[in-house]
Amino acid sequence: MLVKTKAIVLHSFKYGESKLIIDLLTAGYGRQACIATVGKSPKGKLKKQYFQPLFILEVILDMHQRVRLQHIKEARVDVPFSSIPFSPSKLSLSMFTAEFLRYATKQEQADELTYAYVENSIRWLDECDGHFANFHLVFMMRLSKFLGFYPNLEDFSPGSRFDLRASCFRTDVPLHNDYLPPEEAEKMNLLLRMNYPTMHLYKMTRAERNRMADVILRYYQIHIPDFPELKSLPILKELFGGD
């Protein structure tokens, strides 16, 4: 069955001489692993450059149940980027975001709200002229709202701790080590109240930004089985860990 849907590229790699294996987050069908035959001819419907991390496409898939790889019959760039491919900082940030999404959404079923959040976030990053150093922190925490483990902000009070396992603030000390002490819990509370337009108002040192990235990824590792260490994180820390 041929279906048309919007899709965001998370990962791709070469398979044989003329094929790509591609991980997509789609608007209509959730996560899909696909295969595409890419040609060198300018008239070809599928071009290798379409399948770069976070590219927003419109694709036609030949969908079959109980098939591991769906075939991409046609693809076109739905949202041409104006800055991400040409900015080393944004490009590195997009590589990290794509790798993060590859594991954070690996069990994701069709959910238009989740897809819309991801696409709108990518669009914001591409259109932003500056002040995006906290983008990955805000993006990761707000995505947890769609995945079902967003923290309860109503429990916060000065001096409370943040329980990563229970996704809540608490005044007592948990009976495990996966929690943030009061000083870091307060930073988590501030982070959870940020959005893209206001996040530049919250100043972080290199150590604070890198520490919060580690904390958030640990949070995902607790709530999503087999969530790995991300290979792109050290590069991101180097680029966005500055004061």
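Conventions we followed
Residues numbered from 1 in each chain as written. Predicted model: local features only at pLDDT ≥ 70, side-chain atom pairs only at ≥ 80, totals over all residues. Heavy atoms only, no water. Pairing = 2+ DSSP bridges. Helix = DSSP H or I, 4+ residues; strand = E, 2+ residues; numbered from the N terminus. Axes fitted to C-alpha atoms, helices over the stretch in contact; angles between N-to-C directions. Contact = heavy atoms within 4.5 Å. Phe/Tyr/Trp six-rings, centres within 6.5 Å; stacked < 30°, edge-to-face > 60°. Buried < 20%, exposed > 50% of the residue type's maximum accessible area, 1.4 Å probe, protein only. Lys NZ or Arg CZ within 6 Å of the ring centre and 35° of its normal. Salt bridge = Lys/Arg side-chain N within 4 Å of Asp/Glu carboxyl O. Parallel < 35°, antiparallel > 145°, perpendicular 65-115°, else oblique. Left-handed = near helix turned anticlockwise from the far one by under 90°. Nonpolar A, V, L, I, M, F, W, Y, C, P; charged D, E, K, R; others polar.

1. What about the sheet that holds strand β1 (residues 2–15)?
To summarise the sheet geometry, strands pair through backbone hydrogen bonds and adopt either a parallel or an antiparallel arrangement.
Now for step 1: Strands sit in the order β1-β2-β3-β5-β4 around a closed barrel of five strands; the barrel is mixed. For this sheet, the mean inter-axis angle between neighbouring strands, taken without regard to orientation, is 55°.
Now for step 2: Bridge analysis of strand β4 (residues 56–62) against strand β5 (residues 70–77) gives six bridges, and the strand direction is antiparallel. By the bridge assignment, Asp62 is partnered in β5 with His71.
Now for step 3: Contacts from helix α1 (residues 88–104) reach β1, β2 (19–26) and β3 (30–37) within the one sheet, and its direction differs from that of β1 by about 110°.
Now for step 4: On the sheet, helix α2 (residues 112–127) packs against β1, β2 and β4 and is oriented at approximately 65° with respect to β1.

2. Thoughts on the packing of aromatic side chains
Now for step 1: Counted by the stated rule, this structure contains 19 aromatic pairs.
Now for step 2: Ring centres of Trp124 and Tyr196 lie 5.1 Å apart, and the angle between their planes is 25°; on these two criteria the pair is classed as stacked. Here Trp124 is found in helix α2, whereas its partner Tyr196 is found in the loop between α4 (182–192) and α5 (206–223), with 72 residues between them in sequence.
Now for step 3: We classify Trp124 as partly exposed; its relative accessible area is 22%.
Now for step 4: Among the residues examined, Tyr196 registers a relative accessible area of 11% and is labelled buried.
Now for step 5: Over the aromatic face of Phe132 sits the side chain of Lys90, whose NZ or CZ is 5.4 Å from the ring centroid.
Now for step 6: Against the face of Tyr150 rests Lys145, its NZ or CZ located 4.7 Å from the ring centre.

3. Considering the sheet that holds strand β8 (residues 179–180)
Now for step 1: Read from one edge of the open sheet, three strands run β7-β6-β8, paired in antiparallel fashion. A strand with exactly one partner marks an edge of an open sheet, and here the two such strands are β7 (168–170) and β8.
Now for step 2: Relative to β7, strand β6 (residues 161–163) is paired through three bridges, and the arrangement is antiparallel. Bridging from a neighbouring strand, Phe162 pairs with Phe169 of β7.

4. Quick word on the pattern of salt bridges
Now for step 1: Applying the stated rule across the entire model yields 15 salt bridges.
Now for step 2: Close ionic contact of Glu58 with Arg76 constitutes a salt bridge, the shortest N to O distance being 3.2 Å. In this pair, Glu58 is assigned in strand β4 and Arg76 in strand β5, connecting sequence segments 18 residues apart.
Now for step 3: Residue classification places Glu58 among the partly exposed positions, given a relative accessible area of 23%.
Now for step 4: The partner of Arg170 in a salt bridge is Asp172, with the nearest N and O atoms 2.8 Å apart.
Now for step 5: According to the relative accessible area criterion, Arg170 is partly exposed, its value standing at 24%.
Now for step 6: Exposure remark for Asp172: the relative accessible area of 38% places this residue in the partly exposed category.
Now for step 7: Several salt bridges share partner residues, and in doing so they unite Lys6, Glu58, Arg76, Asp78, Glu119 and Arg123 into one network.

5. Description of the packing of helix α3 (residues 135–147) against α5
How two helices sit against one another is set out by the angle between their axes and by the gap between those axes.
Now for step 1: Where α3 meets α5, the axes come as close as 10 Å, and the angle between the chain directions of the two elements is 20°. As far as their axial angle goes, α5 and α3 are roughly parallel. Here α3 runs over α5; the crossing is left-handed. For the pair formed by α3 and α5, the contact residues are His136, Leu137, Met140, Met141, Leu143, Ser144 and Leu147 on the first element and Arg209, Met212, Ala213, Ile216, Leu217, Tyr219 and Tyr220 on the second.
Now for step 2: Grouping the constituent residues of the contact of α3 with α5 by class yields 11 nonpolar, two polar and one charged.

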